[in-house]
Amino acid sequence: MYPEVVIKIDKYKSNIKSLVERCSGANVKVWIVTKSFCAHPHIVSNLIDCGIDGLADSRIQNLKKMKDLNIKKILLRIPMLNEVDDVIEYADYSLNSEIETIYALGERARKKGKKHNIIIMLDMGDLREGVWPDDVDDFINKVLKIEGVEIKGFGTNLTCYGGVIPDENNLGRLVKIAKEMAEKYKLDLEYISGGNSSSYYLLEDGKLPVGINNLRLGEIAILGRETAFGKRIDMLHDDAFILRAQIVEIKNKPSVPIGNIGMDAFGNKPYYEDRGIIKRAIIAIGRQDINPDGLIPLDPNIDILGASSDHTILDVTKSERDYKVGDVIEFKMDYGSLLKAMTSEYVDKVVV
Ligand SMILES: *Cc1c(COP(=O)(O)O)cnc(C)c1O
């Protein structure tokens, strides 16, 4: 049923294997991040044999879906206090930055007779999650007194909020702090986790600081581009996830609406370029499922004019194809659209 996202699993797996190979050459273990496709069980179960070190997600519901898979599972988002029980149950590792939360994790772990592994996040300047570097010594001191949890590593996240690019300086400092703390407190560090898809370019350029031994990769494996500068990675496919939507109306109409222009459905005052009479196709998908600006039609002669909640309007005038009602238009997606489409219950997911 349309609309649908078709997931070409061989292409996605090939991307992951290529990344794992590159990373292992630099002694970097890869956690594949599954949140953008809601840890779709059919996709996830295919990833086990790709040489990855673990599966990581920000939502505990998604880790729960993977409970029967024999692989390390990592909770990426700092846990909520009200999910601590599930974190102990379904995550082998969690990323942390709050002492209250670590107390709660330790307490639940002890009650269940378990030990929970934690990665301490350091804020290297992006101003999302993480302990401030000046406070880390004090923080470790407190964590070491908590039974039931074990410090297994340090990590940082960059680019996502502040747009800070990972570099030799900020990741070099992460390694330095991690090593100092490991020595001072005799920590058995398994991971120094150097970030997400935006850190990959450092590895390609041979600039990833020695000591970083883990990356958490989501977008780069799905869309085939790194995220510090948005560069395509030649060895990766950029069409593993394709959106397909069906035409429900196609008519020749003017390009500028007729009447006084007020606000559109989202409170914006729209602007229309006058292209004369054009061939307009409406496809049955909308802002509830995608961002119209984040769709890239595979037919290069299609322009996206706009979208409301459940209609997207295309200019197909210049296309070589004579589109009809019922025809299917295919798109690549940017990260924002992919996230929406995979999360939307109105979009089918088809793994081929
Ligand atoms: C989402 C997320 C990632 C993956 O980011 P990509 O840009 O998709 O590679 C890594 N780490 C954390 C903490 C995240 O929340």
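For the structure itself, look to the data block above.
All of these numbers come straight from a predicted model, not from anything done at the bench.

The rules behind the values
Every residue gets a number counted from 1 within its own chain, in the order that chain's sequence is written. Local features in a predicted model are, by the rule used here, given only for residues with pLDDT of at least 70; side-chain atom pairs are given and counted only at 80 or more, and totals for whole chains, interfaces and linings are based on all residues. Hydrogens and waters are ignored; side-chain quantities use all the structure's heavy atoms. Nearness here has a simple test: a residue counts as near a molecule or strand if at least one of its heavy atoms is within 4 Å of that partner. Each polar contact in these results corresponds to two N or O atoms within 3.5 Å; when the atoms are within protein, one needs to be able to donate a hydrogen and the other to accept it, and residues that are neighboring in sequence are counted only if both atoms are side-chain atoms. Three residue categories are used. Nonpolar comprises Ala, Val, Leu, Ile, Met, Phe, Trp, Tyr, Cys and Pro, charged comprises Asp, Glu, Lys and Arg, and polar comprises the others, including Gly. For this document, the term salt bridge refers to a Lys or Arg side-chain nitrogen within 4 Å of an Asp or Glu carboxyl oxygen. Strands here mean DSSP runs of E at least two residues long; helices mean DSSP runs of H or I at least four residues long; both are numbered from the N terminus. Note on classification: 1.4 Å probe, protein chains only; a residue is buried when its accessible area is under 20% of the maximum for its type, exposed when over 50%, partly exposed between these limits.

Peer 1: Honestly, the site of the ligand in this entry has me stumped. Any pointers?
Peer 2: Surveying the vicinity of the ligand reveals 13 residues, the closest of which are Lys35, Ser197, Arg216, Gly218 and Glu219. Here an oxygen atom of the ligand and a backbone polar atom of Gly218 are 2.8 Å apart. Here Glu219 contributes a backbone N or O atom positioned 2.8 Å from an oxygen atom of the ligand. Among the residues making up the shell around the ligand, the classes are represented as 4 nonpolar, 4 polar and 5 charged.

Peer 1: Looking at this model, I keep getting lost on the pattern of salt bridges. Mind explaining?
Peer 2: It is possible for side chains bearing opposite charge to pair when their charged atoms get close. If you walk through the whole model with that rule in mind, you get 29 salt bridges. Note that Glu89 and Lys114 form a salt bridge whose closest N and O atoms lie 4.0 Å from each other. Note that Glu89 is positioned in helix H4 (residues 84-90) and Lys114 in the loop between helix H5 (99-111) and strand E6 (116-121), a separation of 25 residues in sequence. Between Lys142 and Asp138 there is a salt bridge, with its nearest N and O atoms 3.5 Å apart. Placement of the pair is Lys142 and Asp138 together in helix H6 (residues 136-144), with a separation of 4 residues, close to one helical turn. With relative accessibility at 37%, the residue Lys142 sits in the partly exposed group. Each of Asp85, Glu89, Arg108, Lys112 and Lys114 takes part in a single network of salt bridges with overlapping partners.

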